[in-house]
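Listed here are the chains, written in short residue letters.
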Amino acid sequence: MKKLTENDITPENLFYQRRKIIQSMGVLSAAAAFPSIGLSKTHDSRTALSFKKDKNDQLTLTPENKVTTYNNFYEFGVPKESPSHYADSLKIEPWKVEITGEVEKPIVLDMNDLLTRFPLEERIYRFRCVEAWSMVIPWIGFELNKLLAIVKPTSRAKFVEFETIYDPDNIPGQKNSFFGGGLEYPYREGLTLAEAMHPLTLLSVGLYGKTLLPQNGAPVRLVVPWKYGFKSIKSIAKIKLTSQMPHTTWNKLAPYEYGFYANVNPQVDHPRWSQASERVIGSGGLFNVKRQPTLLFNGYAEQVAHLYDGLDLRKNY
Ligand SMILES: Nc1nc2c(c(=O)[nH]1)N[C@H]1C(S)=C(S)[C@@H](COP(=O)(O)O)O[C@H]1N2
Ligand SMILES: [Mo]
């Protein structure tokens, strides 16, 4: 998979180093070289949300400008800064999310439903990408189980499959496979029903007090804080309850590297790099981004370990 990732080729400190060198040449302005940094957006689609505050003050938040400019959203290009440049082309109005499959009451939610039907709450969660970097993000959303309670899964429902919007006319990576990192689109992810029902599993419609920017998966994305970030699928258009384990995008591309479970685990390395520690995005100075140990289940073991009783976490990576 992530055949070559930004992590392999452009560590963040190198990126800044590059930018400094270009600035110091005095020829190019930083804005010309890195439009996302030098130019603020001419318009900002975000609106303020009302929500119940998370009282958790144990974690140090990643600066908002990192959360919105250091992204993985391959539909809008592979380099970390690409989604913040290009994801504005995502058409989010009107938006519909279909919930179908093994349910008694299939429904379609529109934008208004997503923002008003379920009381919104803030959740300050650790976020750990499989590429060994991490953030702490104040998400806003509601528990997926609240939505599942409305559609009523049948007794045959064992898994939940998620699909990102498919709209190649407005999503460059879906039109051009090279731009889109060679993934098969639409992007798909999945959870077991028990994982989907867990109170930590969030459908997020915002972060830092406002609705999501497109690069973060507007208008609605999944957040599963104890799993690697690729499980947290963005810009969801379809949710389907199934009896069979769903095909998921990264697992299909490179099954040996990306499992269905993808639980954060410092003891199970990625075949091409260690998962024992992680770079803390936004920490330290330009040249000394902090590293910290990776935590089992990303620090949520107490809440989620029971979901995997009797499962070999090495085999089921
Ligand atoms: N549709 C879609 N969802 C996606 C991705 C993607 O490329 N396409 N990347 C995943 C990966 S690898 C990560 S780490 C997170 C990044 O979320 P963030 O950019 O909001 O931090 O989104 C996940 N969801
Ligand atoms: Mo990721």
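As the structure is a computational prediction, the values presented were derived from the model and not from experiment.

Reading the values: rules and limits
- Throughout this description, residue numbers start from 1 for each chain and increase along the sequence as written.
- Following the order in which they are written, the chains are lettered starting with A and the ligands numbered starting with 1.
- Whole-chain, interface and lining totals are the exception, using all residues; otherwise, since this is a predicted model, local features are given only for residues with pLDDT of at least 70 and side-chain atom pairs are given and counted only at 80 or more.
- To get the side-chain values, take all heavy atoms of the structure and skip hydrogens and water.
- To qualify as a helix, a DSSP run of H or I must reach at least 4 residues; to qualify as a strand, a run of E must reach at least 2; elements of each kind are numbered from the N terminus.
- Here the term buried applies to any residue with accessible area under 20% of the maximum for its type, exposed to any over 50%, and partly exposed to those in between, with areas from a 1.4 Å probe on protein chains only.
- Calculation of accessible area relied on Shrake-Rupley with a 1.4 Å probe; when residues are assessed, cover is drawn exclusively from the protein chains displayed.
- Ring pairs are drawn from Phe, Tyr and Trp, using the six-membered ring of Trp, whenever the two centres fall within 6.5 Å, and their geometry is named by plane angle: stacked under 30 degrees, edge-to-face over 60, tilted for the rest.
- Residue types Ala, Val, Leu, Ile, Met, Phe, Trp, Tyr and Cys, when buried and joined through side-chain atoms within 4.5 Å, form a set referred to as a nonpolar core.
- It only takes one pair of heavy atoms within 4.5 Å for two residues to be counted as in contact.
- Strand pairing follows a simple DSSP-based rule, namely that at least 2 bridges must link the two strands.
- Helix axes use the C-alpha atoms of the stretch in contact, all axes being lines fitted to C-alpha atoms, and the angles between their N-to-C directions lie in the range 0 to 180 degrees.

**Student:** Please explain the overall build of the protein chain as it appears in this structure.
**Tutor:** For the protein chain, the helix and strand inventory stands at 12 helices and 12 strands. Taking all 317 residues of the protein chain together, 53% fall into the buried category. For the protein chain, the accessible surface area stands at approximately 14,400 Å², while carbon and sulfur atoms represent 54% of it.

**Student:** Would you mind showing me how to read the packing of aromatic side chains here?
**Tutor:** Aromatic ring pairs are described here by two measures, namely the spacing of the ring centres and the angle between the planes. One pass over the full model with this rule turns up 14 aromatic pairs. With centroids separated by 5.7 Å and ring planes inclined at 70 degrees, the aromatic side chains of Tyr 86 and Phe 179 adopt a geometry described as edge-to-face. Placement of the pair is Tyr 86 in helix 6 (residues 82–86) and Phe 179 in the loop between helix 9 (172–175) and strand 6 (188–192), with a sequence separation of 93 residues. According to the relative accessible area criterion, Tyr 86 is partly exposed, its value standing at 41%. Aromatic pair Tyr 125 and Tyr 300: ring centres 5.9 Å apart, planes at 75 degrees, arrangement edge-to-face.

**Student:** What am I meant to see in the nonpolar core here?
**Tutor:** Of all hydrophobic cores here, the largest spans 75 residues; its most connected members are Leu 147 and Ile 239. The residues contacting Leu 147, other than those within four sequence positions of it, are Ile 99, Ile 107, Leu 109, Phe 118, Phe 142, Leu 203 and Ile 239.

**Student:** How should the pairing of strand 1 (residues 96–101) be read in this particular structure?
**Tutor:** In this structure, strand 1 lies alongside strand 2 (residues 107–110), joined through 4 bridges in antiparallel fashion. Residue pairing for strand 2: Glu 98 is matched across the bridge by Val 108. Where strand 1 lies against strand 10 (residues 236–242), 4 bridges are found, and the strand directions are parallel. Counted as the bridge partner of Thr 100 is Lys 240 from strand 10.

**Student:** Would you explain the sheet that holds strand 2 in this entry?
**Tutor:** The strands that make up a sheet are held in pairs by hydrogen bonds between backbone atoms, and each pair lies either parallel or antiparallel. Strand order in the open sheet formed by 5 strands is 2-1-10-5-6, and the pairing between neighbours is mixed. Here the strands that pair on one side only, and so sit at the sheet edges, are strand 2 and strand 6. Strand-to-strand twist across the sheet, computed as the mean angle between neighbouring axes with direction ignored, equals 15 degrees. Here helix 8 (residues 144–151) sits on the sheet in contact with strand 1, strand 2, strand 5 (159–164) and strand 10, set at roughly 135 degrees to strand 2.

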